[in-house]
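# Close look at the chain arrangement
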Amino acid sequence: MGLRTVDLIQKKRDGHPLTADEITYLIQGYVSGSIPDYQLAAWAMAVYFQGMNAEETAHLTMAMAASGDQIDLTAIEGIKVDKHSTGGVGDTTTLVLVPLVAAVGVPVAKMSGRGLGHTGGTIDKLESIPGFTVEQPQERFLEQINRIGAAVISQSGDITPADKKLYALRDVTGTVESIPLIASSIMSKKIASGADAMVLDVKTGHGAFMKSLDDAIALAEAMVAIGTQVGRETVAIISDMEQPLGRAIGNALEMREAIETLQGNGPADLLELCLKLGAHMMQLSGRAATERDARAKLEEAIRDGHALAKLKELIAAQGGNPDAVDKPELLSVAENQLTVKADRSGYVHSMAAEEVGIAAMLLGAGRATKESEIDLAAGIVLEKKPGDRVETGDTLAVLHYSESASSEADSVASRVHSAYDIRGEQPAKGHLIYAVVTKDGVRKLA
Ligand code: URA
Ligand code: CA
């Protein structure tokens, strides 16, 4: 075709959209090594300043999705709906949603990741169940979904190598914070993983990647537009991450919280977000005509025990001990606990979610770097959350940690203590879900 990389960099620099062929040339050249880092970095910076239109963003997504393995889920009957969260603190939703939506007939083929930094990963959380394995050959993965309706495995193989290489480059060239680049990065992985449709949970607030509501909505719109362009219907929920979701932060602690939620005794915010996301998953898969109908079915699956039974089936199918559902002491349990107490009375106004996530990481619940070892039992349980009344001496939170982290415990406790903003007057009620973004536009709920 005689394309020259420098011409494409200049074209983008000057604000002109690139064609599908031009984008494919850049991505293939970058992965094969014929285009060097410095040229792709210059292009990424041009995108950072000039942006990309919806078509270009979709072309980039598909070029990255095609850069490595693509999972073929056609052997699974029905419309496969994936769910993705942009990452938060104590976000236990996937653990609840997988068995919940599988119980109402939505097939779930989930490939999840491990946690990094102050955000957790579903794979680590599931490994807190004794015996649970997250590695499976593709055939068994598909067979299990057809048999019981769900499987969760760790991302393996060579999915979107272009995204891996480009993300690492963006990380060191000041080009991470570009909405089209973030949107295409996330969507390329979902598309390569075989999803027919997607429900995205875009978090906003202190503990989220997108700190402002406007940025979260813009990212959601970009991802929904990609889905629409490439024929995979996508719905995004904008949800709050000003505070951690639910009460538990940490792998085994969140597994326990997910079990309680499926038993009907979970925290209200976690349940509500799961019902919202689950209802959209049901609608996209054709299992419910309206959100109301979907919600009623999901609530029924919790009430009648189907969702909990599905979790046991999933655990047994993946080599884990399903008794852990009824006996949570079989999950990893930490040797030590330390309570963080209020030193004044009043109301919890806010909590610094990211600080709490970092505190849990320091106790061993998360990885400071990709190579760090984690302690599945470690974490934090919040006894008080924004809006709650507290008296001096009340327990705000409980830290769970092993002997090896005990030298950190006091400093982590003071970190958690200072993450709480306690004031005299009662705060206004916060919001959990701000908006729903579909191909028809943005519907604000708060
Ligand atoms: N998460 C991703 O997967 N990609 C990005 O570019 C940013 C966040
Ligand atoms: Ca939680």
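See the structure shown above.
Below is a short write-up of the structure. Small disclaimer: the values here were computed from a predicted structure and weren't measured.

## Notes on the sheet that holds strand β13 (residues 433–438)
Taken together, 5 strands build an open sheet; the order of strands is β1-β4-β5-β13-β14 and the sheet is mixed. Whereas interior strands pair on both sides, the edge strands pair on one side only; in this sheet they are β1 (81–85) and β14 (441–444). On average, each strand axis in the sheet is inclined to that of its neighbour by 15°, with strand direction left out of account. Looking at chain direction, strand β5 (residues 234–240) and β13 are connected through 4 bridges and run antiparallel. Counted as the bridge partner of A236 is V437 from β13.

## Comments concerning the sheet that holds strand β11 (residues 395–401)
Taken together, 4 strands build an open sheet; the order of strands is β6-β9-β11-β7 and the sheet is antiparallel. Because the sheet does not close on itself, it has two edges, and the strands there are β6 (248–249) and β7 (336–341). Summarising the sheet, strand β9 (residues 379–382) and β11 pair through 4 bridges and their orientation is antiparallel. By the bridge assignment, I380 is partnered in β11 with L399.

## Points about the site of ligand 1
What surrounds ligand 1 is the set Y167, R170, I182, S185, I186, K189 and F209. Side-chain polar atom of R170 to an oxygen atom of ligand 1: 2.9 Å apart, as the coordinates give it. A distance of 2.6 Å separates a nitrogen atom of ligand 1 from a polar atom in the side chain of S185. Considered on its own, ligand 1 offers 240 Å² of accessible surface; in the complex 84% of this is hidden by protein. Breaking the shell around ligand 1 down by element, the ones donating at least two residues are α8 (161–171) and α9 (179–192). Here the shell around ligand 1 takes 4 residues from α9, the largest share from any one element. Among the residues making up the shell around ligand 1, the classes are represented as 4 nonpolar, 1 polar and 2 charged.

## Quick look at the packing of aromatic side chains
Applying the stated rule across the entire model yields 1 aromatic pair. Considering the side-chain rings of Y48 and F49, the 5.1 Å spacing of their centres and the 85° angle between planes classify their relative orientation as edge-to-face. With a relative accessible area of 35%, Y48 lands in the partly exposed category. Residue F49 is classed as exposed on the basis of its relative accessible area of 63%. The ring of Y30 has K165 sitting right over it, with the charged end atom 4.4 Å from the ring centre.

Definitions and cut-offs
- Residues numbered from 1 in each chain as written.
- Chains lettered and ligands numbered in written order.
- Predicted model: local features only at pLDDT ≥ 70, side-chain atom pairs only at ≥ 80, totals over all residues.
- Heavy atoms only, no water.
- Pairing = 2+ DSSP bridges.
- Helix = DSSP H or I, 4+ residues; strand = E, 2+ residues; numbered from the N terminus.
- Axes fitted to C-alpha atoms, helices over the stretch in contact; angles between N-to-C directions.
- Near = heavy atom within 4 Å.
- Polar contact = N/O pair within 3.5 Å; in protein donor to acceptor, adjacent residues only side chain to side chain.
- Areas by Shrake-Rupley, 256 points an atom, 1.4 Å probe, with all protein chains shown as cover.
- Nonpolar A, V, L, I, M, F, W, Y, C, P; charged D, E, K, R; others polar.
- Phe/Tyr/Trp six-rings, centres within 6.5 Å; stacked < 30°, edge-to-face > 60°.
- Buried < 20%, exposed > 50% of the residue type's maximum accessible area, 1.4 Å probe, protein only.
- Lys NZ or Arg CZ within 6 Å of the ring centre and 35° of its normal.

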